[in-house]
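What follows is the residue order along each chain.
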Amino acid sequence: MDNGALFAATAPVPLPKYSFKGIGVILLHSKTLLIIKQRTSHLLEQYLSGKSIHYQQVLALALPVFLEQAFILGINFFNTALISTAGVAAISAVNMVDSLNLLMTTILVAVATGGTVVVAQYQGSRNQEMVSRSTEQTVAAVPLLAIGLGVVLILFRDPILWLLFGSADADVFSNSRLYLLGSVLSYPAFGLYQGCVCCLRGVGRTRPALALTLITNVSYVLLNLLFISVFHWGVIGMAVAVNIARGLGAACSLLFLIRLDDTLHFDYRGALRLNQDILRRIMYIGLPFAAEQVFFNGGKLLTQTYIVALGTLAITANAIAWSIIMVLQIPSNTVSQVAVTIIGQCMGQRQIDDSRKFIRTFVILSSVFYLIMLLLVQPMLPGLIGVFNPPEQIIPEVRRIVIVTAIAMPFVWSLSFIIPASIRAAGDAKFSSVVSLCCMWTFRVAGGWLLAIPLGFGLIGIYLAMILEWAIRAGIFLFRVKGNKWYAHHLID
């Protein structure tokens with residue numbers, strides 16, 4: 001072999017032509033990513049950290065709550081689409097009864113939220129003994145209330161349905177009777193599960209709360225698929241599914257509290273003995289909120305009667321539109337729930353400046369999330385509506401309702417819901433309840449009737465009245481939070 005051939009065989013392989021340029025690009029990207037990371041961390045530190053709470057704690061709390069909300073609202077969307085396969089009468093019946101179910105379950109959630117606030121404030125003050133005792137009383141009180149509500153609804157089922165939905169078609173009304181009975185039987189299990197989950201949120205333990213939510217709601221979806229799609233049981237299948245799923249959720253909640261929990265230190269014997277002092281603190285927050293929910297969702301229930309008067313197609317259009325709107329609310333509902341825990345813990349330590357800072361941040365975040373969701377959902381809207389297999393004549397109205405509501409939400413929803421949730425966590429429950437009730441009945445109930453029936457706007461008129469109510473509430477609560485009275489309450493010793 002000559003020297004040339006030897007050189008050719010042993011010469012090093014040349015470096016790629018652009019290797020140094022590639023390394024430079026990689027270094028530039030790495031530096032850019034580092035700068036972005038540093039700036040993001042600085043912004044989070046500036047807006048989501050306080051004297052006693054770091055932004056990493058807030059994010060750790062928010063992620064499981066977000067996933068929980070995504071599952072709950074996503075499952076509601078899925079179940080509405082699933083029952084729509086059973087026909088217009090079935091989806092109309094479920095939508096009507098669920099408006100009544102919402103009224104009852106939000107009363108239970110309101111009392112459980114009172115437990116969340118009390119537990120969060122004791123957690124903020126580092127009083128572990130009272131955290132445990134408050135948990136026991138919450139887990140006892142909510143199911144007891146659920147039993148009482150259930151008995152009333154079972155005894156007066158037909159008169160209530162006739163009063164609210166007597167003008168509905170016969171097949172819609174028949175399905176409503178069956179579904180209401182099945183739903184009511186699941187209330188006690190729902191109350192036990194909800195009391196446990198709310199107390200876990202109060203101490204920031206959102207992961208087990210998420211796990212319990214997944215167990216309850218995923219089993220609900222699977223059972224609905226089995227009973228509705230496979231067995232074709234329709235409304236009865238949905239009622240059976242909700243009872244089994246909530247029963248499973250309640251059983252898992254008790255098992256977790258008694259055997260697996262290492263934070264709340266739940267003692268079932270303590271739950272069997274009612275403590276008037278702790279219950280008074282829970283009810284101080286829970287009862288005004290429950291009263292608000294009764295009149296607030298009672299007003300929504302009354303507007304449902306306007307929709308029933310507009311006909312079965314209007315009921316179906318409302319069910320579809322509201323299911324899509326609830327999807328838009330997933331991130332902002334997360335912010336609202338996180339706000340209760342964070343503000344409650346801040347107020348437990350009397351960190352007023354931190355509370356103001358977090359309220360401002362949460363309102364802005366919620367509005368930004370709504371804008372993002374609007375941009376994401378708008379191009380997918382025809383497909384989302386199509387999931388429900390709606391009659392062709394209601395599709396334009398559903399699209400119009402969703403778009404109008406979605407455009408308004410970033411500007412009025414956050415102020416009208418995040419602020420009252422936050423000041424309620426500070427103990428300012430009565431003011432937020434009174435304002436919510438007055439606005440609800442003056443603008444949404446009366447205004448909805450005026451726009452929908454006499455002025456002839458139909459279903460869209462009810463939604464326009466709702467947006468007006470949000471705007472009025474937003475202005476009042478913004479004025480309240482700028483003052484000093486909302487944090488002048490002392491819920492715990």
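Residues numbered from 1 in each chain as written. Predicted model: local features only at pLDDT ≥ 70, side-chain atom pairs only at ≥ 80, totals over all residues. Heavy atoms only, no water.

Some words on the nonpolar core
Next up, step 1: Core analysis: the biggest nonpolar cluster contains 151 residues, and I324, I342, F358 and F362 have the highest contact counts within it.
Next up, step 2: Considering every element that reaches this core, the biggest residue donor is helix α4 (residues 88-124), with 19 residues. (Core = buried A, V, L, I, M, F, W, Y, C linked by side-chain atoms within 4.5 Å. Buried < 20%, exposed > 50% of the residue type's maximum accessible area, 1.4 Å probe, protein only. Helix = DSSP H or I, 4+ residues; strand = E, 2+ residues; numbered from the N terminus.)

Here's the deal with the side chain of R444
Next up, step 1: With respect to the element layout, R444 can be found in helix α18 (residues 429-452).
Next up, step 2: The exposure class of R444 is buried, given its relative accessible area of 4%.
Next up, step 3: Dropping the residues within four chain positions of it, R444 is found in contact with F296, K300, T303, C439, W449, A465, M466, E469 and W470. (Contact = heavy atoms within 4.5 Å.)

Looking at unusual backbone geometry
Next up, step 1: In this structure, R126 is a non-glycine residue whose phi angle is positive, near 65°.
Next up, step 2: Position of R126 among the secondary structure elements: in the loop between α4 and α5 (128-155).
Next up, step 3: R126 gets classed as exposed once you look at its relative accessible area, which sits at 63%.

So, the state of the cysteines
Next up, step 1: In total, this model carries 0 disulfides according to the counting rule given.
Next up, step 2: Left without a disulfide partner, C196 is nearest to the cysteine sulfur of C199, which lies 7.4 Å away.
Next up, step 3: Sulfur of C198: no disulfide; nearest cysteine sulfur belongs to C199 and is 7.1 Å away.
Next up, step 4: Of the residues examined, C198 reaches a relative accessible area of 3% and is grouped as buried. (Disulfide = S-S within 2.5 Å.)

Let's talk about the packing of aromatic side chains
To describe a pair of aromatic rings, you give the distance between the ring centres and the angle between the ring planes.
Next up, step 1: Inspection of the entire model under this criterion finds 13 aromatic pairs.
Next up, step 2: A ring pair is formed by F77 and F388, whose centres lie 4.9 Å apart and whose planes are at 80°; its orientation type is edge-to-face. Taken together, the residues F77 in helix α3 (residues 55-83) and F388 in the loop between α16 (381-386) and α17 (395-425) connect sequence positions 311 residues apart.
Next up, step 3: Residue F388 is classed as buried on the basis of its relative accessible area of 2%.
Next up, step 4: What links up through ring pairs into an aromatic cluster is the set Y370, W413, F417 and W470.
Next up, step 5: Its guanidinium or amino end placed over the ring of Y268, R269 lies 6.0 Å from that ring's centre, counting from NZ or CZ.
Next up, step 6: Note that R473 overlies the ring of F417, its terminal NZ or CZ placed 4.4 Å from the centroid. (Phe/Tyr/Trp six-rings, centres within 6.5 Å; stacked < 30°, edge-to-face > 60°. Lys NZ or Arg CZ within 6 Å of the ring centre and 35° of its normal.)

As for the pattern of salt bridges
Next up, step 1: According to the stated counting rule, one finds 10 salt bridges in the structure shown.
Next up, step 2: Across the pair R269 and D267 runs a salt bridge whose closest N-O atoms are separated by 3.2 Å.
Next up, step 3: Between E469 and R473 there is a salt bridge, and its shortest N-O distance comes to 3.8 Å. Linking E469 with R473, this pair stays in helix α19 (residues 459-482), spanning 4 residues, or about one helical turn.
Next up, step 4: If you follow the salt bridges from partner to partner, you end up with E129, R133 and E136 in one network. (Salt bridge = Lys/Arg side-chain N within 4 Å of Asp/Glu carboxyl O.)

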